[in-house]
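# Observations on the model geometry
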Amino acid sequence: MKADVVVGIQWGDEGKGRVVDALAGRYDIVARFGGGDNAGHTIVVRERKLALRIVPSGVLQERPELFIGGGTVVSLEGFIKEIEMLAGIGVDVRRIKVSDRAHIVFPYHVADDIVGEGLRGAAALGTTGRGIGPAYIDKTARSGITFADLRDGTFADRVRANLAAHRARFAATVSAVDTETTIADTTALLPRVLPHVVDGVEYLHGALESGKRLLIEGAQGSLLDVGYGTYPYVTSSHTIAGGACIGLGIGPTEIGTVAGVAKAYCTRVGGGPFPSELHDDVGNRLRERGAEFGTVTGRPRRCGWFDAVAARYAARINGLTSAVITKLDILSGFERIGVVTGYRVDGAPATFGAIGDARLEVEVRWFEGWDADLSGCRKMAQLPRTAAAYVAYLEEALGVPIDAVSVGPEREALVVA
Ligand code: IMP
């Protein structure tokens, strides 16, 4: 059985959560492979709106187990809070497993993130302030602490050594935390954390070998990938489909399909280039209509038209086999809808790689809008002619079939091909 992957192909917040929720009932395991609680996946089922940060979005389906893979970085307090919230609404949280290879985000990572942003001044990246970058720095510096260290009791010595090293290097960062408090607080959390910890490689490969179906859920978006996104305005993990292999410890030969999720327009939170951004009333209207405020930080999201150059780039770096377009309903009522179809630098055509160039200009193609309320549409044939033409263009731009289009936040507000 091959594993299927769902990734976001813009700057995050594409609506992966609802896509994974819609698919999860057909799988035995839904796995997250990267990031931490910088992600905010929102799912709306009937009157209930659920914001998930670290637990995979399949959690509202009864069948799948939820696996937090070795490539993630996890705050213990955030993890427990989320588990308690889920238990409180009747979810069987014994289905939630964490790889022993996943790294812990400690309060000193959060302090470091905030200090680091402050030191960057005007060039701040606009991180979520969740300690993600510093936790990945510790991981690659080989001084990170994993769930395996919690299990075998070596974490306290590692925290002491790590904070002593940090203290020597970053006086301002560690003045915010106390070593023994960090260890005592962590020890108090262990009884609630350790029952979920599994040998991540045995767990996943055992499941695949016994024929279980695995759905892999990306976090953030492809354009925030640390290697292929808009560096340095990126997150600190590999968010593209290839990251699933590293983050879960599976080979590329285990992957079947790769579905890319994109909004019908574009948003971005934090700093960094955004060529299709709208600084005018149209951008404000997109933000208001689309409720484009961060799930994690509450920050207003920057809004703009769909960027076909970026979408095509994302389709390539992920090896997409299909796509899902979300929030098409938000575009209802716009007289005309723009799509960025080309980049130019000094008048010459440019590739996505030029995105950080201050001279970059965009070419925009205009599409006729529609007024109809799309929320009742369930089949492509029910979409107004102009909306269908817009979706057909997005499909052409992406170069892969569009499987579904969302037209409302509810689970069933999905138009299928
Ligand atoms: P970090 O991941 O907190 O280090 O933040 C780095 C950049 O990624 C910032 O611009 C964040 O706003 C952005 N980012 C991180 N996670 C998400 C997400 O889930 N959705 C959208 N943007 C995100």
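A short tour of the structure in this document, coming up.

Rules used in this analysis
- Residues numbered from 1 in each chain as written.
- Predicted model: local features only at pLDDT ≥ 70, side-chain atom pairs only at ≥ 80, totals over all residues.
- Heavy atoms only, no water.
- Helix = DSSP H or I, 4+ residues; strand = E, 2+ residues; numbered from the N terminus.
- Rg over C-alpha atoms; globule rule 2.2 N^0.38 Å.
- Contact = heavy atoms within 4.5 Å.
- Areas by Shrake-Rupley, 256 points an atom, 1.4 Å probe, with all protein chains shown as cover.
- Lys, Arg positive; Asp, Glu negative; His and termini not counted.
- Charge placed at Lys NZ, Arg CZ, Asp CG, Glu CD.
- Near = heavy atom within 4 Å.
- Polar contact = N/O pair within 3.5 Å; in protein donor to acceptor, adjacent residues only side chain to side chain.
- Nonpolar A, V, L, I, M, F, W, Y, C, P; charged D, E, K, R; others polar.
- 1 Å grid on protein atoms, 1.4 Å probe; cavity = no way out; pocket = protein on both sides within 12 Å on 5 of 7 lines; lining within 4 Å.
- Points joined across faces, edges and corners; volume = space filled by probe spheres on them.
- Expected span 1.5 Å × (residues − 1).
- Buried < 20%, exposed > 50% of the residue type's maximum accessible area, 1.4 Å probe, protein only.
- Arc of directions from axis to C-beta.
- Phe/Tyr/Trp six-rings, centres within 6.5 Å; stacked < 30°, edge-to-face > 60°.
- Lys NZ or Arg CZ within 6 Å of the ring centre and 35° of its normal.
- Core = buried A, V, L, I, M, F, W, Y, C linked by side-chain atoms within 4.5 Å.
- Axes fitted to C-alpha atoms, helices over the stretch in contact; angles between N-to-C directions.
- Parallel < 35°, antiparallel > 145°, perpendicular 65-115°, else oblique.
- Left-handed = near helix turned anticlockwise from the far one by under 90°.

### Focus on the overall build of the chain
Helix and strand counts for the chain stand at 13 helices and 20 strands. Since a compact globule built from 417 residues should have a radius of gyration of about 22 Å, the 21 Å found for the chain is in line with a globular shape. Expressed along its principal axes, the backbone C-alpha trace of the chain runs to roughly 65 × 50 × 40 Å. Taking all contacts inside the chain whose residues are at least 6 apart in sequence as the whole, residues at least 24 apart take part in 75%. Here the chain displays about 17100 Å² of accessible surface, and carbon together with sulfur accounts for 54% of that area. When the 46 basic and 50 acidic side-chain charges of the chain are each reduced to a single mean position, those positions are 1 Å apart.

### A short note on the site of the ligand
Neighbouring the ligand are 17 residues; Asp13, Asn38, Thr128, Thr235 and Arg299 lie closest to it. Thr128 is positioned such that a nitrogen or oxygen atom in its side chain is 2.6 Å from an oxygen atom of the ligand. At a separation of 3.2 Å, a nitrogen atom of the ligand approaches a polar side-chain atom of Gln220. When the ligand sits alone it has 470 Å² of accessible area, and the protein chains cover 96% of it. Across the shell around the ligand, the residue classes break down as six nonpolar, nine polar and two charged.

### Quick notes on the environment of Val55
Considering the arrangement of structural elements, one finds Val55 in the loop between β4 (48–52) and β5 (65–68). Sequence-wise, Val55 and Leu66 are 11 residues apart; in three dimensions their C-alpha atoms are separated by 6.9 Å. With sequence-adjacent residues up to four places away left out, Val55 is seen in contact with Leu66, Ile68, Glu82, Leu86 and Ile96.

### Comments concerning empty space enclosed by the protein
All told, the structure shown has one cavity of 30 Å³ or more when counted by the stated rule. Size it by volume and the largest cavity reaches roughly 40 Å³. What lines the largest cavity is simply Arg18, Asp21, Ala22, Ile43, Val44, Pro409 and Arg411. Breaking the lining of the largest cavity down by element, the ones donating at least two residues are α1 (16–24) and β3 (41–45).

### What about helix α2 (residues 76–88)?
Here α2 spans 18 Å end to end across 13 residues, near enough to the 18 Å set by a 1.5 Å rise per residue. Regarding α2, the residues found buried are Leu76, Phe79, Ile80, Glu82, Ile83 and Leu86. One side of α2 holds all its buried residues, which, seen down the axis, span an arc of 160 degrees. Counted as exposed and oriented over 90 degrees from the buried face of α2: Glu77, Lys81 and Gly88. Following α2 by one or two positions, Gly90 adopts a phi angle in the positive range, close to 90 degrees.

### Quick notes on the packing of aromatic side chains
For the structure shown, the criterion picks out nine aromatic pairs. A ring pair is formed by Phe106 and Tyr108, whose centres lie 5.3 Å apart and whose planes are at 5 degrees; its orientation type is stacked. Accessibility classification places Phe106 together with Tyr108 in one group, the buried group. An aromatic cluster is defined as three or more aromatic residues linked by ring pairs; in this entry it consists of Phe367, Trp370, Tyr390 and Tyr393. Taking NZ or CZ as reference, Arg285 lies 4.1 Å from the ring centre of Phe334, over its face. The side chain of Arg336 reaches across the aromatic face of Trp366, ending 3.6 Å from its centre.

### Here's the deal with the environment of Ala31
Tracing the chain through its elements places Ala31 in strand β2 (residues 29–32). Of the residues examined, Ala31 reaches a relative accessible area of 0% and is grouped as buried.

### So, the nonpolar core
One recurring pattern in soluble globular proteins is that nonpolar side chains are buried together. Ranked by size, the top nonpolar core spans 61 residues in total, and within it Ile216, Leu328, Leu331 and Tyr390 carry the most contacts. Among the elements that line this core, the one with the most residues is helix α13 (residues 385–398), at seven residues. Every residue in contact with Ile216, bar those within four places of it in the chain, is listed here: Ala3, Asp4, Val5, Val6, Ala31, Phe33, Ala244, Leu248, Ile250 and Ile255. Residues Leu50, Leu76, Val91 and Leu189 belong to the second largest nonpolar core, which totals 49 residues.

### Let's talk about α1
Among the nine residues in α1, seven count as buried, and that is most of the element. Among the residues making up α1, those that are buried are Lys16, Gly17, Arg18, Val19, Val20, Asp21 and Ala24.

### Some points on the packing of α2 against helix α8 (residues 179–193)
Close contact between α2 and α8 brings their axes to 10 Å; oriented N to C, the two are set at 40 degrees. Accordingly, the angle class assigned to the pair α2 and α8 is oblique. Between α2 and α8 the crossing geometry is left-handed. Only Thr186, Leu189, Arg192 and Val193 of α8 make contact with α2, whose side of the interface consists of Leu76, Glu77, Phe79, Ile80 and Glu84. Its residues assigned to classes, the contact of α2 with α8 comprises five nonpolar, one polar and three charged.

### Remarks on the side chain of His109
Inspection of the secondary structure puts His109 in helix α3 (residues 107–120). A distance of 2.8 Å separates the side chain of His109 from the side chain of Asp138, its partner in a polar contact. Not counting residues within four places of it along the chain, the set of residues in contact with His109 comprises Ile104, Gly131, Pro134, Ala135 and Asp138.

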